[in-house]
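Read off the chains here:
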Amino acid sequence: MPINSRREQGKDVAVQGTNDSSVVSKVSAAAQGYFHDDFLKHFVCKVSRRAPLINRGYYVRWKAVDHCVKWFFHATKSCSRRQILSLGAGFDSLYFRLHAEGGLGGVTVFEVDFPEVARRKAALINSNTCLKDALPDWETVSNQQTNAVFIRSDHYNLIGVDVRKEQEVEVTLSGAGLQWDAPTLVLSEVVLTYMETQWSDAVIGWAAKLLPQSVFVMYEQIHPDDPFGRVMQNHFLKLNSTIHALKQYPDTVAQTQRFIQKGWEECVCLDMNQFYFDLLLEDERQRVEGLEPFDEFEEWNQKCSHYFILTASKGSVTNQALLTLPKVSSIPHMTPQWSERPPLVIQAMCGSPSIEAVGMASAVLAPGIILLTGGCGRSGRDTAARVLIKEKDGWKCACVEAHGDKVVSLYQTLTSIPGGGAVLFGGRTSPLSPTGSVVCVTFDPGNEQSQSAVQLSFKNMVCTGTGPKPRWRHTSTLISYKDKTFLFVFGGRTEKDPVLGDAHFLCLEDKHWTEMTVVGAVPEARHSHSACPYGGGLVIFGGLGKGGRPLGDAFYLRPTSSDFCWETKNLHPPPVPRYSHSANVINEKLVVVGGVWLQADGVPGVAVINLSTGSCVEIQLDTSSVPWPLMLHSFCSELLDFEGSEMVLIGGGGNCFSFGTHLNLHPVTVDLRPILCYPY
């Protein structure tokens, strides 16, 4: 399709609009202290505060580009002239920031964007004293032949030209003073992906052809086909700004091959989880993670796994500016070694109601009756408890009358207790407001014939002894020991503690937090893990550990005649580390479903761990019958029968960065009979 067609012009206008939202988000991140930039604010009407997830996302983007620019400066420090060619620069403030830092020695910046964007930026600069002061020798030049409008100065040139028009770009840049043989950094931040792939490939090709001493730095999206990737694509499609390149180049390997094939000599491409954990110092990560209350770990890791930073070099001088990874990565690449067994089939639950929420807790009150509490849906935190009841024609949401103490929180635990009912512990209303309350839940199913409501009673339990500090993302598991019933609380996080590794025993008969001796290899601190009753004790798996790294280990808390003992389970082969998953023990097998890992091509399915032998098998999930992107994190699960042949997954999803909130629409079921039939 011709570039100048009316349809393409409409798309170009939509793409230009992404610049406006992007600069607002960058300004928000700078205002919250994620990075220092006093000039971005001059390109927006007002400073608006974005959500912490958005701030972090734009921070890691800014930091990656800044890292590459500084490496380029270091590699070319002996060169008398250096250049930055920023494609689709929009309202970027790179030149002004470098000028203020005194980092422009021998460097000239050329910014290229659509003529209309360049005109708007030129007008903003012309009307702002702070920006004009950084350009003492500037002048506005217009080219009647090419319709290009730009600002020219010794160290800064703003050019309005369509980068898809190679010949026009070459002529205009030459006229603006770009020296093709000088060491040049070509910068593209989420620009080329909006072009049809044939045009973006052409840009990459002509840059390699015309700039013999250069490094190309690109930040874009990858992994279009998993649930997060599908939500991401749909977002840009609604904006009339389709992202193209990731369909043909869906991962870092394909992007690397792309640049080599287009004439670049060397290329290094990292997803943003790799950049964040391997190229940022721990002190810097801790600084950033302490700036704002934060509890969107799943969405943060998924966002980072769906974007990459790439450097490609041409020439002997600029190859020193390539990204350099440590010899040993802190997040080794792990892809599930899928079993040859058929995938486990997931289906929407027959007659199921719509339940859209994350961070809920669930418990089976009686056969065919599931209680759901807490969570956050489209209208915010959920104050209403819900009860799912299995009827002849499917599952229904029962009418509920709740009495007693009000419970409003996310990431709490709800544990079924003998004789009916459940115990609710912990949770949070916000990342600054965790709770440490213990709530006893009792219920009356009502009279089915008279269709009376299910009666629920929530009553705070007054406990003696020294209990755990308020927390969320922990586990609470029922243990029977010496004729007593204990609620075992492990891990989680608080507003000040990123991870917890303490253990607590609540005797339900005495309502007393009891000191118990626990020996052995204590699991490292973690949150968002799983814990399941097993062998008179329990087994813990996975979670998010210190420094935000997912774990793939398993520990058995074994009861003895005098105490409890932690034992490490040696798993082989090692399962994909994950967190925010669910797990159940079925016939000596720990069945782990879903979760989040740092690499999108390692999205977990189901791990089946034989607790007797330690053998582990990864099985794929078949979600083809589910008509929406199924995100298996921040959900809850329950077995639907005593044999463990079927499991229901309820809720899940989250805020998909700036792409909007995606919540799973209905509960779904997993057929586990293949696991029960085959020896693993």
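Residues numbered from 1 in each chain as written. Predicted model: local features only at pLDDT ≥ 70, side-chain atom pairs only at ≥ 80, totals over all residues. Heavy atoms only, no water.

A few points about helix H6 (residues 166-176)
- Residues of H6 that are buried: Val 169, Thr 172, Leu 173 and Ala 176. Around the axis of H6, the buried residues are gathered within 100° of arc, so they sit on the same side. Away from the buried face of H6 by more than 90 degrees, exposed residues Gln 167 and Val 171 are located.
- Where H6 ends, the next residue or the one after it, Gly 177, has phi of about 105°, a positive value. (Buried < 20%, exposed > 50% of the residue type's maximum accessible area, 1.4 Å probe, protein only. Helix = DSSP H or I, 4+ residues; strand = E, 2+ residues; numbered from the N terminus. Arc of directions from axis to C-beta.)

Here's the deal with the nonpolar core
- Formed by 84 residues in total, the largest nonpolar core has its most connected members in Ile 84, Phe 96, Met 272, Ile 309 and Phe 659.
- With 13 residues, the single largest contributor to this core is helix H2 (residues 52-75).
- Two domains each donate at least three residues to this core, and these are domain 1 (57-314) and domain 2 (344-677).
- With sequence-adjacent residues up to four places away left out, Ile 309 is seen in contact with Ala 64, Cys 68, Val 217, Met 218, Tyr 219, Val 268, Cys 269, Leu 270, Met 272, Phe 275 and Leu 323.
- With 35 residues, the next largest nonpolar core counts Leu 87, Phe 110, Met 218 and Cys 269 among its residues. (Core = buried A, V, L, I, M, F, W, Y, C linked by side-chain atoms within 4.5 Å. Domains from an automatic or database assignment. Contact = heavy atoms within 4.5 Å.)

Some remarks on the domain arrangement of the protein
- The domains assigned to the protein are domain 1 (57-314) and domain 2 (344-677).
- In this structure, domain 1 and domain 2 have C-alpha centres spaced 43 Å apart.
- At the interface, 28 residues of domain 1 touch 35 residues of domain 2.
- Around 2600 Å² of area is buried between domain 1 and domain 2 when both sides are counted, 62% of it from carbon and sulfur atoms.
- There are three salt bridges connecting domain 1 and domain 2.
- Counting across the domain 1 and domain 2 interface gives 12 residue pairs in polar contact (both at pLDDT 80 or more).
- At the level of elements, H2, helix H8 (227-238), helix H11 (272-279) and helix H13 (297-305) are the ones that each hand at least two residues to the side of domain 1 that touches domain 2.
- Of the residues belonging to the side of domain 1 that touches domain 2, the class tally is 11 nonpolar, eight polar and nine charged. (Buried area = accessible area lost by both parts, 1.4 Å probe. Salt bridge = Lys/Arg side-chain N within 4 Å of Asp/Glu carboxyl O. Polar contact = N/O pair within 3.5 Å; in protein donor to acceptor, adjacent residues only side chain to side chain. Nonpolar A, V, L, I, M, F, W, Y, C, P; charged D, E, K, R; others polar.)

Looking at the sheet that holds strand S18 (residues 422-425)
- Spatial ordering of the open sheet is given by S16-S22-S21-S18-S17, a layout of five strands whose pairing is mixed. Every interior strand has two partners, whereas the edge strands, strand S16 (400-404) and strand S17 (413-416), have only one. Each strand of the sheet is rotated relative to its neighbour by a mean of 25°, with strand direction disregarded.
- Taken together, the four bridges between S17 and S18 define a ladder with antiparallel strand orientation. Residue Leu 414 lies in a different strand from S18, and its bridge partner there is Leu 424. (Pairing = 2+ DSSP bridges. Axes fitted to C-alpha atoms, helices over the stretch in contact; angles between N-to-C directions.)

Observations concerning unusual backbone geometry
- Across the junction of His 572 and Pro 573, the peptide omega takes the value -10°, indicating a cis bond.
- Positionally, Pro 573 belongs in the loop between strand S31 (564-569) and strand S32 (582-586).
- A positive phi is found at His 223, a non-glycine position, where the angle reads about 55°.

Notes on the pattern of salt bridges
- With the rule as written, the count across this model stands at 26 salt bridges.
- The residue Arg 97 makes a salt bridge to Asp 37 at a minimum N-O spacing of 3.7 Å. A residue pair is termed long-range when its members are at least 10 positions apart, and Arg 97 in helix H3 (residues 94-101) and Asp 37 in the loop between helix H1 (6-31) and H2 qualify at 60 residues. Asp 37 matches Arg 97 in its accessibility class, with the two residues each being buried.
- When the shortest N-O distance is used, the salt bridge between Arg 673 and Asp 671 registers 2.8 Å.
- With a relative accessible area of 25%, Asp 671 lands in the partly exposed category.
- One salt-bridge network, in which partners are shared between bridges, spans Asp 37, Asp 66, Lys 70, Arg 97 and Glu 101.

Looking at the environment of Arg 230
- Considering the arrangement of structural elements, one finds Arg 230 in helix H8.
- Along the primary structure Arg 230 and Ser 313 are separated by 83 residues, whereas in three dimensions their C-alpha atoms are 32 Å apart.
- Beyond its immediate sequence surroundings of up to four residues, Arg 230 is in contact with Pro 224, Asp 225, Trp 628 and Pro 629.

Some words on empty space enclosed by the protein
- Going through the model one piece at a time under the given rule, you end up with two cavities of 30 Å³ or more.
- Its boundaries defined by the atoms lining it, the largest cavity holds a volume of some 90 Å³.
- In this structure, the largest cavity is lined by Lys 26, Asp 37, Leu 40, Trp 62, Val 65, Asp 66, Asp 92, Ser 93, Leu 94, Arg 97 and Glu 189.
- Secondary-structure elements contributing two or more residues to the lining of the largest cavity are H2 and H3.
- When residues in the lining of the largest cavity are grouped by element, the largest group, three residues, is from H2.
- Its residues assigned to classes, the lining of the largest cavity comprises four nonpolar, one polar and six charged.
- What the second largest cavity holds in volume is close to 30 Å³.
- Considering the residues around the second largest cavity, the lining is formed by Leu 630, Leu 632, Leu 649, Gly 651, Asn 664, His 666 and Val 668.
- Its residues assigned to classes, the lining of the second largest cavity comprises four nonpolar, three polar and no charged. (1 Å grid on protein atoms, 1.4 Å probe; cavity = no way out; pocket = protein on both sides within 12 Å on 5 of 7 lines; lining within 4 Å. Points joined across faces, edges and corners; volume = space filled by probe spheres on them.)

Section: the sheet that holds strand S10 (residues 344-348)
- Strand order in the open sheet formed by five strands is S36-S10-S41-S38-S37, and the pairing between neighbours is mixed. The sheet is open, and its two edges are formed by strand S36 (621-622) and strand S37 (635-639), each paired on a single side.
- Examined bridge by bridge, strand S38 (residues 646-651) and strand S41 (residues 668-671) share four bridges and lie antiparallel to one another. Bridging from a neighbouring strand, Leu 649 pairs with Val 668 of S41.

Considering helix H12 (residues 282-289)
- Within H12, the full set of buried residues consists of Glu 284, Arg 285 and Val 288. Burial along H12 is one-sided: seen end-on, the buried residues are contained in an arc of 100°.
- Buried residues along H12 sit in contact with H2 and H11.

Some remarks on the packing of aromatic side chains
- Summed over all chains, the structure comprises 29 aromatic pairs.
- The interplanar angle of 85° and the centroid separation of 6.4 Å between the aromatic rings of Phe 555 and Trp 566 together place this pair among those described as edge-to-face. Highlighted residues: Phe 555 in strand S30 (residues 550-559) and Trp 566 in strand S31, separated in sequence by 11 residues. Of the two residues, Phe 555 and Trp 566, neither departs from the other in class, the shared state being buried. (Phe/Tyr/Trp six-rings, centres within 6.5 Å; stacked < 30°, edge-to-face > 60°.)

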